[in-house]
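Coordinate analysis (summary)
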Amino acid sequence: MTDLFVKLAFRNLIRNKVFSFVNVFGLAIGIAASLLIFQYVENELSYDKFHENASDIYRIRLDRYSQGELAEQMATACNALGPTLMEVFPEVMDITLLSDYQLEGILSYEDYKFRLDKTYFASPGLFKIFSYKMIKGNPETALVEPFSVVLSETLARKYFGSEDPIGKQLKLNNRRVYKVTGVFQDMPANTHLNFQCLFSMQTMYDTYGEWARNSWWVDVMLTYVQLKQGTDPVVFEQKLNEYVQKRLADEIKEQNQDMVFYLQPLERIHLYSNYPGEAEVNGNGNSVYFMLVISILILIIAWVNYINLSTARAMERARDVGLRKVSGATRPQLIRQFLIESFIINFVAVIIALIIVEIAYPWFSVLTGLSVNLKLWYEPLFWVLFTLVIVAGSILSGLYPAYVLSSYKPITVLKSKSDKSARGILFRKVLIVFQFSISILLIASTLTVFRQVSFMQGENLGVELDQTLVVKAPVNIDSTWQQRQQSFKAELLNNPSVMNTCASFFVPGDEVWFTNGYIRKSNNDAKNSRTLSVIHVDENFMDFYNLQFLAGRNFIEGSENDRLCHIINRKAMELLGYESPEDTINEELETPNWNMTRKIIGVIENYHQESLQQDFAPTIYTYLPHPRWAKKYSIKIHTDNIRETITFTENKFHEIFPGNTFEYFFLDSHFDQQYKSDQQFGKTFAVFAFLAITISIMGLFALALYFTLQRTREIAVRKILGANVTSLFILLSKDFFVLLLISLMVAFPVAFLIMTNWLESYAYRIGVGWWFFVIPVLIMCLVVLLSVIYQIYKSARVNPSDTLKYE
């Protein structure tokens, strides 16, 4: 009997090629899209879960408070915390510290030279806590001795080829010699730590002295702790903060500054941590779950679409069902047949979907900006769950059409009378409202994402980024560096393609990690200390970036007095308690940590140092204390001969700074890198939202067809009685527009809440008003109009007598 049902199913599918094609490919696209999104979501959720003790590993981060107000939030913690954890807390099994403080330069071996990238000082516990694999060397001792270095497999191969690197010596900036003590396997893609080179933490301690190890007021350490199994992290976090409050009670009271430590589960860092000092640019948990919701909606819409198409064909198959019932077919047999059809369609759709995924995943990797592979395909559990989902979907999507088709009464359908039920009509209307609502929600969400990204990229930043070439400063320096820097600047300005230059520690788009506490000397009270971001600049920086002075003046070239002066921005002025820019000039600021007093000579308007996701930071600008503090050279160039200007700059750089590598970037592109993840999310969201909407629209066309078929005889009678196209259009469309209005009432509050919540992560954001849903509604109105007009066109071509000749 089953063989017969399979043959009948294939016969019906072949006989109705258009129906079968739309159904199969609608499902195939839905399943393929969902599989790709599932792979993306799985990749994002897998970060750092490969570590053997991942569930017991936490990163300790820090919030600092000044005068009771939140001053800083950091991914790092104070330097003294790490050693203290091992000494004081028995719950701690091990710790590891990482810091990239002032770690830059060129690492060389014979003729091979590479600028340091993704490099840290690291404590010995790193290879104990994390499951990174050491290929050569002893993981327990490789990072113990000072001036030892551990390399990634790829970096070791760059320097030494096939030679054994253990014991080899590398030079940093042509001065300090480091011994290679280990080689580790390249970092997997799904880790929030992605380093290529590690220097021993003892090197940092020996280089910078006591504060590097024992300071509670310098925060440059990424601090990871492995707790003993069974330790409650909430209780431990509370115990840690209580200990710090007790140990530093006098200093906290004296300076009126406080600190609070938080434990971050290792597995949540990638998606739920975006603080200054992060090791890498992390993901966004909300965005990942947005995509997961879309993948689920796409699958549901694909199956709802199948239900719509099946019920749309119900009237065509009703006579066949009636004849089979008269011939003795029972209802369970008919339900079985229709379910077999559903399984066949879903099975064929799955095969096509897997082919689509295999072809599309390289493009999908480019779209998401991730190295997405098909590792899910090698997980047996995935295939078990996938099979269960497809089987459940096949049954659920096939059950209702099977129930509808098998319920027809032979006498009714053989007399060509429609067999309607209130329940069936209500269910189909619910499906329409569901598809309208999802479509409006997805269109509105897509528009919100793109408008927010466009807003951030188009908003006035208060700083000029165009036509700016940034060159990284040389790291191999000597006593003549200051003269060389001046020569480099002079040579550049002699080129007519160069308009201006300046030097600074940070450029716009950089995360300013350098902060310090300042107090107004007139208050003479350390309790009024305020934390400000610090940027070292030369005398050309303000003019170069066209920053607006509210009061005071710029630094003067060559002025030794100005090296003891500050310029601050409006935000810093307000934080320090000054009433106006004019009142700020010649006021003195004291730095308790460094016991220095400097005068304010200027106040500038706020500008966006970082993306609009961040608020303005209170910032203080100091005159470059020494040329070595100039980490980047900004060069304003004409755009008519960019390639030649870059070549000229490179040649002069190598001529004046021999032994250094030339690296550059364009500032506007550098700044826009902050929006890269938002742009990729917007594109990915838009593509899959479009697929979901397309599948949904296919279902709406099917329902329009269904309702037209249900009213075929009524339309014929109305045409005989003189009904025109307008009256037929109103007849067929009014129900759809009523359902569209209901859908808007459903989708509007849901979309508003979702988008408002998503936008809250941005300091500067667009507003979401009622008018924001005009475009989605207009699009859906257009879909309804096209659907109904097409059906009216088909009905208008049918002779009414052909429809009514059997009545």
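Position numbers for residues count from 1 along each chain, tracking the sequence in the order it is written. Side-chain atom pairs in this predicted model are given and counted only at pLDDT of 80 or more, local residue features only at pLDDT of at least 70, and totals for whole chains, interfaces and linings cover all residues. In computing side-chain values, all of the structure's heavy atoms are included and hydrogens and water are not.

This brings us to the overall build of the protein. The helix and strand inventory of the protein stands at 27 helices and 24 strands. Think of it in three bands: with a 1.4 Å probe and only protein chains considered, a residue is buried below 20% of the maximum accessible area for its type, exposed above 50%, and partly exposed in between. A buried classification covers 52% of the 807 residues belonging to the protein. Across the protein, contacts joining residues at least 24 apart in sequence account for 80% of those joining residues at least 6 apart. Under the scheme used here, helices are H or I runs from DSSP no shorter than 4 residues and strands are E runs no shorter than 2 residues, and both carry numbers assigned from the N terminus. Contact definition: two residues touch when any of their heavy atoms are within 4.5 Å.

To continue, consider a negative patch on the surface. Patch rule: a residue counts if its relative accessible area is over 30% and it has no salt bridge; like charges are joined within 9 Å, and nonpolar side chains (Val, Leu, Ile, Met, Phe, Trp, Tyr) within 5 Å. To be clear on the numbers: accessible area is Shrake-Rupley with a 1.4 Å probe, and residue cover counts the displayed protein chains and nothing else. Definition used for salt bridges: Asp or Glu carboxyl oxygen within 4 Å of a side-chain nitrogen of Lys or Arg. This count recognises Lys and Arg as positive and Asp and Glu as negative, with His and chain-terminal groups excluded. By convention, charge coordinates are those of NZ in Lys, CZ in Arg, CG in Asp, or CD in Glu. Taken together, the side chains of Glu 464, Asp 466, Asp 668 and Asp 672 present a region of like negative charge at the surface. When you line up the elements, Asp 672 lands in helix α22 (residues 667–672). Judged by relative accessible area, which is 31%, Asp 672 ranks as partly exposed.

Let us look at the packing of aromatic side chains. Each Phe, Tyr or Trp ring (for Trp, its six-membered ring) is paired with any other whose centre lies within 6.5 Å, and the angle between the two planes then decides the class: stacked below 30 degrees, edge-to-face above 60, tilted in between. Scanning all chains against the criterion turns up 41 aromatic pairs. Taken together, a centroid distance of 5.3 Å and an interplanar angle of 70° make the contact between Phe 89 and Phe 236 edge-to-face. Of the two residues, Phe 89 is situated in the loop between α3 (81–88) and β3 (92–99) and Phe 236 in helix α8 (residues 233–247); the sequence distance between them amounts to 147 residues. The exposure class assigned to Phe 89 is buried, which follows from its relative accessible area of 3%. Among the residues examined, Phe 236 registers a relative accessible area of 1% and is labelled buried. Where Tyr 101 meets Tyr 208, the ring centres are 5.2 Å apart and the plane angle is 75°; that geometry is what we call edge-to-face. Placement of Tyr 101 in the loop between β3 and β4 (106–109) and of Tyr 208 in helix α6 (residues 201–208) is noted, with a sequence separation of 107 residues between them.

Turning next to α8. Owing to its 3.6 residues per turn, the α-helix brings residues three or four apart onto one side. Given the number of residues in a helix, its expected span is that number minus one, multiplied by 1.5 Å. An ideal rise of 1.5 Å per residue puts 21 Å on 15 residues; α8 measures up with 21 Å between its terminal C-alpha atoms. Every buried residue belonging to α8 is among Phe 236, Leu 240, Asn 241 and Val 244, and all of these are buried. Burial along α8 is one-sided: seen end-on, the buried residues are contained in an arc of 135°. Exposed residues on α8 whose side chains face more than 90 degrees from its buried face are Val 234, Val 235 and Lys 246. Think of the arc as the fan of directions from the helix axis to the C-beta atoms.

With that settled, consider the environment of Glu 110. Along the chain, the position of Glu 110 falls in the loop between β4 and β5 (112–115). It is 9.6 Å that separates the C-alpha atoms of Glu 110 and Gln 169, two residues lying 59 residues apart in sequence.

What follows concerns the environment of Phe 729. Positionally, Phe 729 belongs in helix α25 (residues 725–759). In sequence terms Phe 729 and Val 788 are 59 residues apart; their C-alpha atoms lie 6.9 Å from each other.

Turning next to unusual backbone geometry. In the Ramachandran plot, Asp 48 falls in the positive-phi region, its phi being about 65° despite a non-glycine side chain. Counting through the fold element by element, Asp 48 comes out in the loop between α2 (17–45) and β1 (57–66). The backbone of Asn 546 shows a phi angle near 55°, a positive value even though the residue is not glycine. On the secondary structure map, Asn 546 appears in the loop between α18 (541–544) and β18 (549–552).

Another point: the packing of helix α17 (residues 481–493) against helix α21 (residues 642–656). Interaxial angles span 0 to 180 degrees and are taken between N-to-C directions of axes, which are lines fitted to C-alpha atoms, for helices over the stretch in contact. Remark: α17 packs on α21, axes separated minimally by 10 Å, with the N-to-C direction vectors making an angle of 155°. Viewed along their axes, α17 and α21 adopt a mutual orientation that is roughly antiparallel. Here the hand of the crossing between α17 and α21 comes out right-handed. Here α17 contributes Arg 484, Ser 487, Phe 488, Glu 491 and Leu 492 to the contact with α21, which in turn contributes Phe 648, Thr 649, Lys 652, Phe 653 and Ile 656. Charged residues are taken to be Asp, Glu, Lys and Arg, nonpolar residues to be Ala, Val, Leu, Ile, Met, Phe, Trp, Tyr, Cys and Pro, and polar residues to be all remaining types, Gly included. When its residues are assigned to classes, the contact of α17 with α21 shows five nonpolar, two polar and three charged. Roughly parallel means an angle under 35 degrees; roughly antiparallel, over 145; roughly perpendicular, 65 to 115; everything else is oblique. We call a crossing left-handed when the near helix sits turned anticlockwise from the far one by less than a right angle, and right-handed when that turn is clockwise.

Let us look at the nonpolar core. To define a nonpolar core, start from buried Ala, Val, Leu, Ile, Met, Phe, Trp, Tyr and Cys residues and group those joined through side-chain atoms within 4.5 Å. One finds Ile 31, Phe 436, Phe 541, Tyr 545, Tyr 621 and Phe 688 to be the most contacted residues of the largest nonpolar core, which totals 139 residues. Those residues in contact with Phe 541 that sit more than four places away from it in its chain are Cys 502, Ser 504, Phe 506, Leu 547, Tyr 607 and Tyr 621. Residues Tyr 58, Trp 217, Val 225 and Phe 236 belong to the second largest nonpolar core, which totals 51 residues.

Before going further, it helps to spend a moment on the pairing of strand β8 (residues 148–152). Within β8, five of the five residues are buried, which leaves it mostly tucked inside the rest of the structure. Strands are labelled as partners when DSSP assigns at least two bridges between them. Sheet topology places β8 next to strand β10 (residues 176–184); five bridges connect them, and they run parallel. Looking at β10, one finds that Val 150 is bridged to Gly 182. Judged from the three bridges that link them, β8 and strand β11 (residues 197–200) form a sheet pairing that is antiparallel. The residue bridging Val 150 from the neighbouring strand is Leu 198, located in β11.

Scanning the entire structure with this criterion turns up 18 salt bridges. As a salt-bridge pair, Asp 562 and Arg 553 come within 3.0 Å of each other at their nearest N and O atoms. Classification of Asp 562 by relative accessible area gives buried; the value is 2%. Look at Arg 553 and you get partly exposed, because its relative accessible area is 34%. Residues participating in the shared-partner salt-bridge network are Glu 491, Lys 652 and Glu 655.

Another point: a nonpolar patch on the surface. There is a patch of nonpolar side chains on the surface, built from Phe 347, Val 348, Ile 351, Ile 355 and Ile 359 and spanning about 480 Å² of accessible area. Looking at where Ile 359 falls in the secondary structure, it is placed in helix α13 (residues 331–368). Residue classification places Ile 359 among the exposed positions, given a relative accessible area of 64%.

Okay, the side chain of Thr 622 next. Mapping Thr 622 onto the fold places it in strand β22 (residues 619–623). For Thr 622, the contacting residues outside a window of four places in its chain are Val 534, Ile 535, His 536, Val 537, Phe 555, Cys 565, His 566 and Arg 598.

This paragraph deals with the side chain of Asp 48. No salt bridge forms around the buried Asp 48; measuring N to O, its nearest opposite-charge neighbour Arg 59 is 8.4 Å away. Those residues in contact with Asp 48 that sit more than four places away from it in its chain are Ala 54, Tyr 132, Asn 190, Thr 191, His 192, Leu 266 and Glu 267.

Here α3 crosses α8 at 110°, and the two axes come no closer than 12 Å. One way to sum up the angle between α3 and α8 is to call them roughly perpendicular. Touching Leu 81, Thr 84, Leu 85 and Val 88 of α3 are Phe 236, Leu 240, Tyr 243 and Arg 247, all from α8. Its residues placed into classes, the contact of α3 with α8 shows six nonpolar, one polar and one charged.

So, on to the confidence of the model for the protein. What pLDDT reports is the predictor's confidence in each residue, on a scale of 0 through 100. Residues with a pLDDT of 70 or more make up 86% of the protein, whose mean pLDDT is 82. Mean pLDDT across the elements of the protein bottoms out in helix α15 (residues 410–414) (58) and peaks in strand β12 (residues 222–227) (95).

Counting buried positions along β22 yields five of five residues, so the element is predominantly enclosed. With burial as the criterion, each face of β22 is covered, one bearing Thr 619, Tyr 621 and Tyr 623 and the other bearing Ile 620 and Thr 622. Of the strand pairs in this sheet, strand β19 (residues 565–569) and β22 are connected by three bridges, and their pairing is antiparallel. Along β22, the bridge assignment pairs Ile 567 with Tyr 621.

This paragraph deals with the environment of Leu 116. Examined against the element boundaries, Leu 116 turns out to sit in the loop between β5 and β6 (119–122). Separated by 81 residues in sequence, Leu 116 and Cys 197 have C-alpha atoms that sit 7.9 Å apart.

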